[in-house]
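Fold and contact review
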Amino acid sequence: MNNLELQKRANDVRIGIVKAVHSAKAGHPGGSLSAADVFTYLYFEEMNIDPQNPDMEDRDRFVLSKGHTAPGLYATLAHRGFFPVEDLTTLRKLGSYLQGHPTIQVPGVDMASGSLGQGISAAVGMALGAKMDGKDFRVYTLLGDGEIQEGQVWEAAMFAGHRKLDNLCVIVDNNGLQIDGAVADVCSPYPIDEKFKAFNFHTINVDAHDFDALRAAFAEAKNTKGMPTCIVMHSVKGKGVSFMEGVADWHGKAPNDDEFAVAMADLEKIGAELEKAGEA
């Protein structure tokens, strides 16, 4: 898939995020939007998966450790064909299988998550299990930069580095903001790359919104042997929606009807520009 196609898919994912959170009148748009490009890259290009056979034994695994950004994962899974896109507007509604954090009842979800710090631990266990069983699938997990303030993250990292789990790729969505403000002010995790290096990780810094950069980073991770990899993605919280970009307040609230209209106009404009670029 070329970069323009990936950009179109990512914009569709962002539209799905905004529609889902607005319909639910609750949710976490900011971090879902910042991670939309990596969700898109993983599910449309990088990972060995099959929407027609979600439980394929040798599939690559993905664990959304920052589980509150489930709207981003759900929108990606829907557009990848795991379930109908129309179901996104049932987010957080009574009786819906699309709840506020991922559960394994959702086709394509490998791990229920949302208690911050626990997702990476599960991913490490999956990677170790693959090694013990002689399997060659890869395990990817996405963490928030606020989440890595949790001590359990570093226990898991220490174990992964010690066991040389080179089939594990940890991704940190470094958008710089968490629910209470800037991560640097709340409890600074910086420098993120140096901390993971200290736990015997290969580390890569990358622009989260550049598909060429993402492609190169994941190729480098796959070619790294003898240690796990941490990709630190430098991203923009609320990416794609003008009034959400770089604003911590949009960590965990839904747009009202007027804000929804502006958000949709922003994303539809991006979509139109991408279509025009494809015709050029």
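In this report, we go over the structure that sits alongside the text. (Residues numbered from 1 in each chain as written. Predicted model: local features only at pLDDT ≥ 70, side-chain atom pairs only at ≥ 80, totals over all residues. Heavy atoms only, no water.)

1. Let's talk about the side chain of Arg138
The residue Arg138 is located in the loop between helix H5 (118-133) and strand S2 (139-144) in this model. One buried charged residue, Arg138, forms no salt bridge at all, with the nearest opposite charge on Glu46 at 5.3 Å. Reaching out from Arg138, the side chain makes a polar contact with the side chain of Tyr140 at a distance of 3.3 Å. A polar side-chain atom of Arg138 sits 3.0 Å from the main-chain carbonyl oxygen of Asp166. (Helix = DSSP H or I, 4+ residues; strand = E, 2+ residues; numbered from the N terminus. Buried < 20%, exposed > 50% of the residue type's maximum accessible area, 1.4 Å probe, protein only. Lys, Arg positive; Asp, Glu negative; His and termini not counted. Salt bridge = Lys/Arg side-chain N within 4 Å of Asp/Glu carboxyl O. Polar contact = N/O pair within 3.5 Å; in protein donor to acceptor, adjacent residues only side chain to side chain.)

2. Describing the pairing of strand S7 (residues 229-234)
The element S7 is extensively covered by neighbouring structure, given that 5 of its 6 residues are classed as buried. By the bridge criterion, 6 bridges tie strand S3 (residues 168-174) to S7 in an arrangement that is parallel. Bridge pairing in S7 links Ile171 to Ile231. One ladder, built from 6 bridges, connects strand S6 (residues 202-207) with S7; its direction is parallel. Directly across from His202, in S7, lies its bridge partner Thr229. The parallel pair S6 and S7 is bridged by helix H9 (residues 211-223), and the resulting crossover is right-handed. (Pairing = 2+ DSSP bridges. Right-handed = clockwise from strand over helix to strand, strands pointing away.)

3. Let's talk about unusual backbone geometry
Geometrically, the link from Tyr190 to Pro191 is a cis peptide bond, its omega value of -5° lying close to zero. Within the element layout of this structure, Pro191 appears in the loop between helix H7 (183-187) and helix H8 (192-198). We note that Lys25 has phi near 60°; this positive angle belongs to a residue other than glycine. Examined against the element boundaries, Lys25 turns out to sit in the loop between helix H1 (3-24) and helix H2 (29-34). Here the phi dihedral of Lys164 falls at roughly 55°; this positive angle occurs in a residue that is not glycine.

4. Regarding the packing of aromatic side chains
Any two aromatic rings considered together are summarised by their centre-to-centre distance and by the angle between their planes. Taken as a whole, this structure holds 9 aromatic pairs when the rule is applied. With centroids separated by 5.6 Å and ring planes inclined at 20°, the aromatic side chains of Tyr41 and Phe218 adopt a geometry described as stacked. Of this pair, Tyr41 sits in helix H3 (residues 36-46) while Phe218 sits in helix H9, placing them 177 residues apart in sequence. Like Phe218, Tyr41 is buried. Ring centres of Trp154 and Phe196 lie 4.7 Å apart, and the angle between their planes is 50°; on these two criteria the pair is classed as tilted. Of this pair, Trp154 sits in helix H6 (residues 151-162) while Phe196 sits in helix H8; the two residues are 42 residues apart in sequence, bridging distant segments of the chain. Site record: aromatic cluster; members linked through ring pairs are Trp154, Phe196, Phe199 and Phe201. Taking NZ or CZ as reference, Lys253 lies 4.4 Å from the ring centre of Trp250, over its face. (Phe/Tyr/Trp six-rings, centres within 6.5 Å; stacked < 30°, edge-to-face > 60°. Lys NZ or Arg CZ within 6 Å of the ring centre and 35° of its normal.)

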